[in-house]
Amino acid sequence: MWAGLVLASALTAGGALAQGLPEPLPALPGDPVRGRAIVEDRQTGLCLLCHSGPFPDVPFQGDLGPDLTGVGARLDPAELRLRMVDSRAINGDTIMPPYFSRDGLNRVGDRWTGETILDAQQIEDVIAFLATLTQEESE
Ligand code: HEC
């Protein structure tokens, strides 16, 4: 499995790989418009359950994770990809779901066994969108 393989090396290698996944997932180049829709959607990404950010049209944004305003300036695409694929590579105690990993998801129902939360294309779309969030103030 792509994610399992690369993540295993990210987790053991230390150094640069532990900070980011430079290789895009097998998908078309990310589309920031689709990525924004995934981030803002309450069913697909659930991102705004925990995060707030420059999303003026979305009520009730969360504060369990950092505000995503300016995240594209703080983190490069490789760093964003690793956090999206499996934030546990950075913080073993994270509450952020591993969006592209099948490892360690013990409590998923049968329906979801072998599925990732988002597919490769959705991950690349979200990364492309987050990379556009370079303004420090709400846009
Ligand atoms: C259940 C809560 C939760 C959900 C849902 C969640 N996150 Fe997170 N996220 C966190 C927390 C907490 C952190 C802080 C680092 C950590 O503890 O892992 C974080 C960190 C991040 C970071 C790094 C931010 C920084 O400034 O370092 C990014 C980017 C991110 N999340 C994006 C997303 C996106 C995009 C989604 C939806 C697809 C999402 N998150 C869904 C809780 C969540």
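The structure this text deals with has already been given above.
Residues numbered from 1 in each chain as written. Predicted model: local features only at pLDDT ≥ 70, side-chain atom pairs only at ≥ 80, totals over all residues.

Engineer: When you look at unusual backbone geometry in this model, what are you seeing that I'm missing?
Structural biologist: Apart from glycine, the bulk of residues carry a negative phi angle, and the bulk of peptide bonds sit in the trans form. Of note in this structure, Leu-46 is not a glycine but carries a positive phi near 60°. Checked against the element boundaries, Leu-46 lands in the loop between α3 (32-40) and α4 (47-50). (Helix = DSSP H or I, 4+ residues; strand = E, 2+ residues; numbered from the N terminus.)

Engineer: What is the right way to read the environment of Cys-47 from this model?
Structural biologist: Its location among the elements puts Cys-47 in helix α4. In this structure the C-alpha to C-alpha distance between Cys-47 and Leu-68, which are 21 residues apart in sequence, comes to 9.8 Å.

Engineer: Even after reading the chapter, I still don't get the site of the ligand, so can you show me in this structure?
Structural biologist: Around the ligand, 24 residues are found, and the nearest of them are Gly-45, Cys-47, Cys-50, Gly-65 and Thr-94. When residues of the shell around the ligand are traced back to their parent elements, those giving at least two are α4, α5 (71-74), α6 (77-86) and α7 (120-130). Broken down by element, the shell around the ligand gets its largest block of residues, 3 residues, from α4. A class-by-class count of the residues in the shell around the ligand yields 16 nonpolar, 6 polar and 2 charged. (Near = placed C-beta within 6 Å. Nonpolar A, V, L, I, M, F, W, Y, C, P; charged D, E, K, R; others polar.)

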